[in-house]
Amino acid sequence: MRDRRPPRGADDRPHPAAEGGETPDRAPVPTARPVVAQRTPGDRPPDQSPDQPPDRPADSGVVGRLTATVERLRRELTVARAEADGRALVELAKGILVERLGYGPADALRQLEDLASQSNVSVLELAADLVNQASHDRIADVARDFLASTGEPSVAVRLRSAETGMLGADDVQAVAQSVLEHALRPLGAQAVAIWAANSDQSLTLAGSAGFADEEAIRWRHVPPGVPVPARRALTERGPAAYESLAAAGLPSIGQREFGGGRLAVPAGAGGRITGVLEVCWSGGLPPQSQSLQRQFEALAELCATALESRPAACGGEDGVDPQTADLLELVHGLHDPCLVMRPDVDAAGRAADYLITHGNPHFEDFAGRPRSAVVGARLLEAYPLAAEPGGLFEKIEHVLATGESFRSPGMSLSALVDGVPLTTRARVSISRHGTSAVVIWRTEDGTARVASLLQHAQRLGRIGGFEENLHTGEIVWNETLFDLHGLPSHADPIPLEHLPAHAHPDDGHTIGRFLRTLLHHQRPASTAFRLQRADGIARHIRVVAEPVLDADARIIAVRGAYQDVSAQHWTEVALAATRDQLAHTEQQAAERNRLALQLQHAIMPPSRGPLDLHDLNVAVRYRPAEKDHLVGGDWYDALALPTGQVLLCVGDVAGHGIEAATGMVALRNALRGLAATGAGPGQLLGWLNTVTHHLTDNVTATTICALYDPRTRALRWARAGHLPPILVRDGLATELPTVAGILLGAIDQADYEEGEIRLKPGDTLMMYTDGLIERRDRSLEQSLQDLLTTAGDADGLTELDRRLDHLLRYSSSDTDDDTCLIGVTVR
């Protein structure tokens, strides 16, 4: 958008604020206000030819030359108007000098030019300042305050130019253009809207500038209750500012093009608010200083004056006739549904229809439509059946012609709901007020509520109703049915006999059976088929219909409904595919778990009889998880090494399934190979940690590794995040001291401490996994204490196998995890 600035006037000198100059004080010279309109031309780019329209390449053809000529003449006209407006302001200043100083017109002009030259300001700026000095109004006050704070005299020119433009304007639309060009564009604003506040809490767009014509037409009327910025300004009786309209999420005119700063200022005078001035920015809202706020308030006061004295440019059918303001306030307070109508005369001066200009807040359409769909429409558009003999149209015509009021305790009112006639009984009262008719009705049943529920049910259920007269061929569809078939509302409905031509070829037999049942056997029928729409979209439709019979049991019509069940169909298809995929996944999971269980049992049988390793008696118990799909990674090993020592270990790989089982096998075999080196348990776990970190896929595990020397009966052990072993000696069960060690696979390099104890004949050592003691309802310390008590009680059993079975039987675990237990007795 090109920049528009006020003209400099006759003396085109630089602005004093731009060169550090000061504005000299001037004595007030009272006179009348300016009354001449001012318009401002748009700047032309410096490289643009006067004969070339802006932002458009030159065209050597006839159309291009004509276009360039029109653009040039338009610019010249704008410049001429601006110069005329500037001269009007200068003439007012000359008049002040003539009246105050007794100069002649020529001397007054020379004096004005000399004063402007001495003050280093333009003649136009000096003229505006003189008028402000002479005028004791709000604009003059704002200008003086702004000058005192900034020293910039251009605000006086802007506000006074806006006022002169307003005074010379024919309607509010011209006022909006003048306010934007002279006062708001220098502040960075791109558009302005002037709203008229109506007595029914609605808003009418009285004038606008900077918006596209289509946008102004679309926002010509705002119904009550819509949360626009102007509504907030009216409610709070103060300015409503938004840094970003888009961020605030409020609807308003120009919200797509100008989604930046937005300011709405109430427009009124004498305590009575008549409208709202709304200013739009593309970017952020400018800083709201006190002087700037007073400028906006002064402009809003100008707009209020325009609203009271000039007609709206786009009030149209939604506007409120000022002559009926008292009438609207009256009907607004009525508790019964009420409409106000005025004649819509034709060229011959006869009332061809009646325009519905207003509906009070209690108005409820018995056909279920919203109030906005009725207000603004013509009577025969909203209620076509009112034209019937003795109907509402005739009654209103009689009342307006004779002035006689009409009252009926039970009048029949009719409307069309999606093409289907709907009739209700109501108490009706019609009276004349000036040139308008006031219609009040109160329905005797819930017809409006039922009709509204019916419309919402059809919309939500994607249901379209139809009725087809088989004798006349007349077909009635509601709007939903046209949408289901992808047809415009003015298209011809599709007869039932032509339905196979609009269905998928494979569904032809199904539709034929449906039609035979309905038309030949004269019984209700239903079926589902695939509808092939003209736009290429296929929909899954269910149709249900019933025959309408006459007194002789002959079919005369068919009525029914179509329902779009595409969403249900595709949901069923997706569910079926999901079930198949789930069954396949479950089968795969069962097979994987079966292989994992076989692998686990092949390496570690659930039970293993006593094994003699030197002077040790070793027994093992393994209890798998209760659910087959929870095959775990618990493992154990007891092995005599070539060095003469005995390797004892228990471990638990995190997770379940085939991954845990294969990880268990890898770690068990790796530890066996590493133990053959003769290294101690701490070194073995350090190497095993590196193997776990680098050679397996995101595997972590805990383990206990112990080496027993039969010659000295010394037991050395290390742990990697695992529970410490239990030693049962002389009937007392205790934990071996805890040594530091992080779980396997967590980090690349780790050190593991070692512990050592010398065993005695009769000692029993137990190593286990957490599945033996885990409980959901108690802490780990409590579970360990229970295990020590149970192990001490089992010391009276002489056989090692019986001790292990006793521990498994009386363990306090309540989880589904697998459990591994090794018992070692020194002979």
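Basis of the calculations
- Residues numbered from 1 in each chain as written.
- Predicted model: local features only at pLDDT ≥ 70, side-chain atom pairs only at ≥ 80, totals over all residues.
- Heavy atoms only, no water.
- Helix = DSSP H or I, 4+ residues; strand = E, 2+ residues; numbered from the N terminus.
- Buried < 20%, exposed > 50% of the residue type's maximum accessible area, 1.4 Å probe, protein only.
- Areas by Shrake-Rupley, 256 points an atom, 1.4 Å probe, with all protein chains shown as cover.
- Pairing = 2+ DSSP bridges.
- Axes fitted to C-alpha atoms, helices over the stretch in contact; angles between N-to-C directions.
- Contact = heavy atoms within 4.5 Å.
- Polar contact = N/O pair within 3.5 Å; in protein donor to acceptor, adjacent residues only side chain to side chain.
- pLDDT = per-residue confidence, 0-100.

Considerations on the overall build of the chain
Per the secondary structure count, the chain includes 21 helices and 27 strands. Within the chain, buried positions represent 46% of all 827 residues. On the chain, roughly 39800 Å² of surface is accessible, and the fraction owed to carbon and sulfur atoms is 51%.

Comments concerning the sheet that holds strand β16 (residues 555–564)
As a general point, the strands of a sheet are linked pairwise by backbone hydrogen bonds and lie either parallel or antiparallel. Taken together, five strands build an open sheet; the order of strands is β13-β12-β16-β15-β14 and the sheet is antiparallel. Each edge of the open sheet is held by one strand with a lone partner, namely β13 (475–477) and β14 (525–532). Strand-to-strand, the axes of this sheet are offset by a mean angle of 25 degrees, without reference to chain direction. In this structure, β14 lies alongside strand β15 (residues 538–549), joined through eight bridges in antiparallel fashion. If you follow R530 over to β15, its bridge partner there is H540.

Quick notes on the environment of Q288
Note on placement: Q288 falls in the loop between β6 (272–280) and α10 (290–309). Residues Q288 and A241 lie 47 residues apart in sequence; the distance between their C-alpha atoms is 9.1 Å. Q288 has contacts with L263, Q293 and F296, leaving out every residue within four places of it along the chain. Within the structure, Q288 has its side chain in polar contact with the backbone oxygen of P286 (distance 2.9 Å).

Regarding the confidence of the model for the chain
A residue-level look at the chain finds 74% of positions with pLDDT of 70 or above and a mean pLDDT of 77. Element-level mean pLDDT values for the chain span from 44 in helix α4 (residues 138–150) up to 96 in strand β22 (residues 714–720). The model gives residues 1–62 a pLDDT under 50, and that stretch makes 142 contacts with residues more than four places away or in other chains. Across residues 136–140, where pLDDT falls below 50, the model places 16 contacts with residues more than four positions away in sequence or in other chains.

A closer look at the sheet that holds strand β20 (residues 646–656)
Taken together, the five strands give an open sheet; going across it, the order is β19-β20-β21-β22-β25, and neighbouring strands pair in antiparallel fashion. Every interior strand has two partners, whereas the edge strands, β19 (632–640) and β25 (755–758), have only one. Across the sheet, the mean angle from the axis of one strand to that of its neighbour is 15 degrees, orientation sign disregarded. Relative to β25, β22 is paired through four bridges, and the arrangement is antiparallel. Bridging from a neighbouring strand, W717 pairs with G755 of β25.

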